[in-house]
Amino acid sequence: MSLENYLIEGGSGVGKTTVAEELQRRGYHVVHGDRDFAYYGDPETGEPVPLRPHQGEADNVRWGYEHWIWPVEAVRSLIADQRHAMSFFCGHSANSHHFIGLFDKVFTLEVDLGTLNRRLAGRPEDEFGGRPSERELVVRLHATREDLPTHAVRIDGTGPVSRVVDEILSKCRETREEAR
């Protein structure tokens, strides 16, 4: 296994991409899971699946969300890569149960409903959460927390990104000290 690998999770609009960009700015190795290698596939087998229209837009949005996955072997390979002292994987995957146990620690970014609604309202329609049907799903998932890892370290994502990243890095140091 690589030296240290962390997963930063959370629903749409909580700040995963912003945190990833700040970590990169600070010189850390970051894998943008949603941008770099996510695809629509079967969450159990990993086989790619074509987008299928269902009955109504809300069903299509939910289906797409439930089939947005990461390639398990690519995640394992990146975790095994020892070229980086620390790697941060940022994004959400419907098949994370296949690889979540490989991370040294998992973080979930969390925001209050008002902050979430403001962030989603500012999104363009071609970014997930930018359309009303997508916002409806995001808000429901925010309320139920049904898609978030249960044993993750919760991080308040409402503050300035520098403070959010400082808190994550502090928790990473704690993990390192516990391992000694």
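The structure presented is a predicted model; accordingly, all values stated were derived computationally and were not measured.

(A) Region of the structure containing the overall build of the protein. When helices and strands are tallied, the protein shows 7 helices and 7 strands. Listing the helices and strands of the protein from first to last along the sequence gives β-α-β-α-β-α-β-α-β-β-α-α-β-α. Taking 16 Å as the expected radius of gyration for a compact globule of 180 residues, we find that the protein reaches 16 Å, a close match to that expectation. With the C-alpha coordinates of the protein rotated into their principal frame, the extents come out at 55 × 35 × 25 Å. Split into buried and exposed, the 180 residues of the protein put 43% on the buried side.

(B) Spotlight on the pattern of salt bridges. Going through the model one piece at a time under the given rule, you end up with 13 salt bridges. The residue Glu-110 makes a salt bridge to Arg-154 at a minimum N-O spacing of 3.4 Å. Pair noted here: Glu-110 is in strand β6 (residues 105–110) and Arg-154 is in strand β7 (residues 153–156), with a separation of 44 residues, a long-range link. Here Arg-140 ties to Glu-146 by a salt bridge, and the two come within 2.9 Å at their closest N and O atoms. On the accessibility criterion, Arg-140 (37% relative accessible area) is partly exposed. We classify Glu-146 as partly exposed; its relative accessible area is 43%. Through salt bridges with shared partners, one network takes in Glu-22, Arg-25, Arg-26 and Asp-166.

(C) Fine view of the sheet that holds β6. Sheet architecture is open: 5 strands sit in the order β2-β5-β1-β6-β7, paired in parallel fashion. Each edge of the open sheet is held by one strand with a lone partner, namely β2 (29–32) and β7. The mean inter-strand angle of the sheet, taken between neighbouring strand axes irrespective of direction, is 25 degrees. Examined bridge by bridge, strand β1 (residues 4–9) and strand β5 (residues 86–90) share 5 bridges and lie parallel to one another. Bridging from a neighbouring strand, Ile-8 pairs with Cys-90 of β5. Contacting β1, β5, β6 and β7, helix α7 (residues 161–179) crosses the sheet at an angle of about 155 degrees to β7.

Calculation criteria
- Residues numbered from 1 in each chain as written.
- Predicted model: local features only at pLDDT ≥ 70, side-chain atom pairs only at ≥ 80, totals over all residues.
- Heavy atoms only, no water.
- Helix = DSSP H or I, 4+ residues; strand = E, 2+ residues; numbered from the N terminus.
- Rg over C-alpha atoms; globule rule 2.2 N^0.38 Å.
- Buried < 20%, exposed > 50% of the residue type's maximum accessible area, 1.4 Å probe, protein only.
- Salt bridge = Lys/Arg side-chain N within 4 Å of Asp/Glu carboxyl O.
- Pairing = 2+ DSSP bridges.
- Axes fitted to C-alpha atoms, helices over the stretch in contact; angles between N-to-C directions.
- Contact = heavy atoms within 4.5 Å.

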